[in-house]
Amino acid sequence: MVKAKSFTCSACNAVFNKWSGRCDTCSEWNSISEVKPLTSGPAKKSLGSMRGNRVALSDLASQQAPPPRTRSMMNELDRVLGGGLVPASAILVGGDPGIGKSTLLLQAAARFADVGLKTIYISGEESTAQVQMRARRLGLTKAPVQLASETNLRDILTTLEAEKPDLAIIDSIQTMWADNVESAPGSVSQVRSAAHELTTFAKRNNMAVVLVGHVTKDGQIAGPRIIEHMVDTVLYFEGERGHQFRILRAVKNRFGPADEIGVFEMTGAGLAEVANPSALFLSDRDNPAPGSVVFSGIEGTRPVLVEFQALVSPSPHSQARRTVVGWDGSRLAMILAVLESRCGIPFAGLDVYLNVAGGIKVNEPAADLAVAAALVSSREDVSLPADTVVFGELSLSGALRPVNQTENRLKEASKLGFSTAIAPSRSKITSDSGLTLRQMPDLTTFVGDIFGAG
Ligand code: TYD
Ligand code: MG
């Protein structure tokens with residue numbers, strides 16, 4: 001029997017059954033090579049007919065204690081990790097270049113080293129002198145972190161094997177180069193194989209490993225997405241360039257809740273933790289402008305107040321603009337459609353700009369009512385009272401649906417000095433938050449009550 005050959009593209013990993021000079025999928029030249037089977041020679045018998053080792057089986061009742069964790073004492077980081085660093089875990093920290101990943105991880109490395117973990121920081125991007133300069137700027141020169149500037153994965157693994165650290169930080173995975181893979185550093189196959197080697201090494205040697213990954217917009221360098229499935233925890237470090245706020249968000253965590261966030265501020269001396277993010281995301285609230293609405297949101301396990309700002313103005317363009325920062329564009333379109341068809345408030349011929357202040361991204365549908373309020377407030381040029389927070393999910397019928405954690409939302413608003421909350425009818429409340437609660441069954445009632453329109 002002639003066995004079919006298989007070829008794969010090293011740039012995009014597409015699979016073909018014949019060689020060609022150019023990949024049909026990603027148009028890359030000279031990227032296709034043959035995939036050699038693991039063993040050559042005559043075809044082997046099927047696995048089932050060969051003897052392997054018996055695997056130990058156990059029942060569902062776990063006898064194992066929860067993993068011991070090490071806290072860095074950087075609370076914002078520990079919370080995002082699910083309560084501290086788990087031994088032998090693999091963590092991916094992704095984010096745009098220049099957002100502050102190296103700064104964050106050098107600070108974290110210093111903290112973990114200070115509390116007794118043997119920590120090695122390997123930079124593939126900067127020289128040791130550059131990292132030392134940053135450490136000086138951050139006031140971390142006394143921390144017992146060991147440092148190397150290296151990209152050769154074989155040498156790195158040999159070093160880690162000899163040193164046996166508790167924690168290794170690899171900055172970044174895209175600079176790592178495995179000499180047994182025939183493609184350039186940063187390509188899909190290199191990134192994937194480097195991540196695989198490092199994570200399996202970490203599990204085998206009881207070492208925690210943090211991989212830094214740049215998010216890239218062009219296809220030249222492989223983004224961190226392709227290795228998300230290999231690691232236990234995926235954190236993204238986000239923020240707007242012009243803003244000093246940075247948000248570390250857990251999008252996957254085998255050892256804790258996903259969607260947890262940690263908030264930092266980039267200062268001249270590194271990242272500072274922000275213990276009370278609500279105060280930070282709200283602008284001066286004495287005289288709110290029309291279009292400004294405070295939403296009482298939940299990020300992970302924490303309530304966070306954020307300000308939605310809308311600007312609705314007559315459009316000079318033949319096609320009116322819809323521009324959104326920090327919120328989902330298609331969700332905005334839906335809310336505009338509901339306002340138009342259920343409340344009779346048209347937005348045709350009007351440009352709509354929607355922004356979440358402070359550079360945070362909001363994903364909760366619970367913000368629907370706050371978005372609708374901001375849009376109507378700007379369109380009608382009527383401000384919402386300064387002491388009011390808003391939340392509620394909108395259905396296409398225009399009805400308002402109660403959202404989760406109503407009480408936490410109310411408590412946070414009360415703590416920050418708000419006195420009124422507008423929420424959907426039937427919201428679950430058992431204790432008094434001290435806020436005046438105005439419950440609305442649907443959007444039409446809300447618009448009529450608050451703006452006297454609709
Ligand atoms: P960096 O950690 O190098 O980003 P990344 O590793 O994600 O590419 O951070 C780069 C930016 O952070 C750079 O523009 C300078 C700024 N920065 C500060 O504002 N304060 C500091 O103390 C440090 C070290 C960096
Ligand atoms: Mg960096």
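Remember, predicted model here, so these are calculated numbers, not experimental data.

Student: Looking at this structure, I do not really get the overall build of the protein chain. What am I missing?
Tutor: Looking only at helices and strands, the protein chain features 10 helices and 21 strands. Overall, the protein chain is about 80 × 55 × 50 Å in size when its C-alpha atoms are taken along their principal axes. In the protein chain, which comprises 454 residues, the share counted as buried stands at 47%. Restricting the contact set of the protein chain to residue pairs at least 6 apart, pairs at least 24 apart contribute 65%. Total accessible area computed for the protein chain in this model is approximately 22,500 Å², and 51% of it derives from carbon and sulfur atoms. Measuring between centres, the 46 positive side-chain charges of the protein chain sit 7 Å from its 46 negative side-chain charges.

Student: Which parts of the structure should I look at to understand the state of the cysteines?
Tutor: Note on terminology: a disulfide is the covalent bond linking the sulfur atoms of two cysteines. Summed over all chains, the structure comprises zero disulfides. Here C26 is not disulfide-linked; the sulfur of C12 is the nearest cysteine sulfur, at 3.7 Å. For C26, a relative accessible area of 30% puts it in the partly exposed group.

Student: Sorry if this is basic, but what is going on with the site of ligand 1 here?
Tutor: Residues in close proximity to ligand 1 total 17 residues, the closest being G98, K101, S102, T103 and G270. With respect to ligand 1, the backbone of T267 contributes an N or O atom lying 2.8 Å from a nitrogen atom. Its free accessible area being 560 Å², ligand 1 has 75% of it covered by the protein chains. Counting residues per element, the ones that place at least two in the shell around ligand 1 are α2 (101–114), α3 (128–137) and β11 (261–267). Counting residues per element, the shell around ligand 1 draws most heavily on α2, at three residues.

Student: Looking at this structure, how should I read the sheet that holds strand β1 (residues 7–9)?
Tutor: Hydrogen bonds between backbone groups are what pair the strands of a sheet, and the pairing can be parallel or antiparallel. Sheet architecture is open: three strands sit in the order β2-β1-β3, paired in antiparallel fashion. Strand pairing shows two members of the sheet lacking a second neighbour, β2 (15–16) and β3 (32–34), which therefore form its edges. With two bridges connecting them, β1 and β2 associate as antiparallel partners. Each residue of the ladder has a partner; that of F7, found in β2, is F16.

Student: How should I be thinking about the domain arrangement of the protein chain in this particular structure?
Tutor: Accessible area lost upon the coming together of the parts is a frequently used measure of interface size. Entries for the protein chain in the domain assignment read domain 1 (1–35), domain 2 (75–275) and domain 3 (279–451). Between the C-alpha centres of domain 1 and domain 3 there is a distance of 51 Å.

Student: Can you help me understand the packing of aromatic side chains in this one?
Tutor: The geometry of two aromatic rings is summed up by the distance between their centres and the angle between their planes. For the structure shown, the criterion picks out four aromatic pairs. Aromatic pair F237 and F264: ring centres 6.1 Å apart, planes at 75°, arrangement edge-to-face. Placement of the pair is F237 in strand β9 (residues 233–238) and F264 in strand β11, with a sequence separation of 27 residues. The pair formed by F237 and F264 is uniform in burial state, with each residue classed as buried. Taking 5.7 Å as the distance between ring centres and 90° as the angle between the ring planes, the aromatic pair formed by F308 and W327 counts as edge-to-face. Of this pair, F308 sits in strand β14 (residues 302–314) while W327 sits in the loop between β15 (322–325) and α7 (329–343), and the two are 19 residues apart along the sequence. Summarising the burial analysis for this pair, F308 and W327 share the class buried.

Student: In this structure, what is going on with the pairing of β14? I would like to understand it.
Tutor: In summary, the side chains of a regular strand alternate between the two faces of the sheet. Pairing between strand β13 (residues 292–299) and β14: eight bridges, direction antiparallel. For V293, the partnering residue across the bridge sits in β14 and is F308. Here β13 folds back onto β14, and the loop between the two strands holds two residues, one of which, G300, carries a positive phi near 65°. Strand direction decides the pairing type here: β14 and strand β16 (residues 350–356), joined by seven bridges, are antiparallel. Bridge pairing in β16 links Q309 to N355.

Student: Quick question: what am I supposed to make of the nonpolar core here?
Tutor: One broad rule of soluble globular proteins: the nonpolar side chains tend to lie buried together. Formed by 61 residues in total, the largest nonpolar core has its most connected members in F308, W327, L339, L375, L443 and F446. When residues in this core are grouped by element, the largest group, eight residues, is from helix α8 (residues 368–380). In terms of domain composition, this core takes at least three residues from each of domain 2 (75–275) and domain 3 (279–451). Contacts of W327, omitting those with residues within four sequence positions, involve F308, L332, I335, L354, V356, V362, E364, A367, D368 and V371. Listed in part, the 33 residues of the second largest apolar core include L85, A108, A135 and F237.

Student: Whenever I open this one, the pattern of salt bridges confuses me. Can you help?
Tutor: In total, this model carries 17 salt bridges according to the counting rule given. Residue K415 pairs with E412 through a salt bridge whose shortest N-O separation is 3.3 Å. Of the two residues, K415 and E412 both sit in helix α9 (residues 406–415), three residues apart, roughly one turn of that helix. For K415, a relative accessible area of 63% translates into the label exposed. A relative accessible area of 7% means that E412 is categorised as buried. Salt bridges here are not isolated pairs; linked through shared partners, they connect E76, R79, E260 and R302.

Student: What is the right way to look at the sheet that holds β9 in this model?
Tutor: Pairing is mixed across the open sheet formed by nine strands, whose spatial order is β6-β5-β7-β8-β4-β9-β10-β11-β12. With one partner strand each, in any of the chains shown, β6 (146–149) and β12 (270–273) form the two edges of the open sheet. On average, adjacent strands in this sheet sit at an angle of 25° to one another, irrespective of strand direction. One ladder, built from four bridges, connects strand β7 (residues 167–171) with strand β8 (residues 208–214); its direction is parallel. Bridge pairing links I169 to V210 in β8. Of the strands in this sheet, β4 (90–95), β5 (119–123), β7, β8, β9, β10 (245–253), β11 and β12 are in contact with α2, which crosses β5 at around 160°. Taken strand by strand, helix α4 (residues 153–163) contacts β5, β6 and β7, and its axis lies near 170° from that of β5.

Student: It is not clear to me how the side chain of T103 should be interpreted in this structure. Could you clarify?
Tutor: By the secondary structure assignment, T103 is in helix α2. Discounting residues that sit within four places of it in the chain, T103 has contacts with R134, L138, M266, G270 and L271.

Cut-offs used in this document
- Residues numbered from 1 in each chain as written.
- Chains lettered and ligands numbered in written order.
- Predicted model: local features only at pLDDT ≥ 70, side-chain atom pairs only at ≥ 80, totals over all residues.
- Heavy atoms only, no water.
- Helix = DSSP H or I, 4+ residues; strand = E, 2+ residues; numbered from the N terminus.
- Buried < 20%, exposed > 50% of the residue type's maximum accessible area, 1.4 Å probe, protein only.
- Contact = heavy atoms within 4.5 Å.
- Areas by Shrake-Rupley, 256 points an atom, 1.4 Å probe, with all protein chains shown as cover.
- Lys, Arg positive; Asp, Glu negative; His and termini not counted.
- Charge placed at Lys NZ, Arg CZ, Asp CG, Glu CD.
- Disulfide = S-S within 2.5 Å.
- Near = heavy atom within 4 Å.
- Polar contact = N/O pair within 3.5 Å; in protein donor to acceptor, adjacent residues only side chain to side chain.
- Pairing = 2+ DSSP bridges.
- Domains from an automatic or database assignment.
- Phe/Tyr/Trp six-rings, centres within 6.5 Å; stacked < 30°, edge-to-face > 60°.
- Core = buried A, V, L, I, M, F, W, Y, C linked by side-chain atoms within 4.5 Å.
- Salt bridge = Lys/Arg side-chain N within 4 Å of Asp/Glu carboxyl O.
- Axes fitted to C-alpha atoms, helices over the stretch in contact; angles between N-to-C directions.

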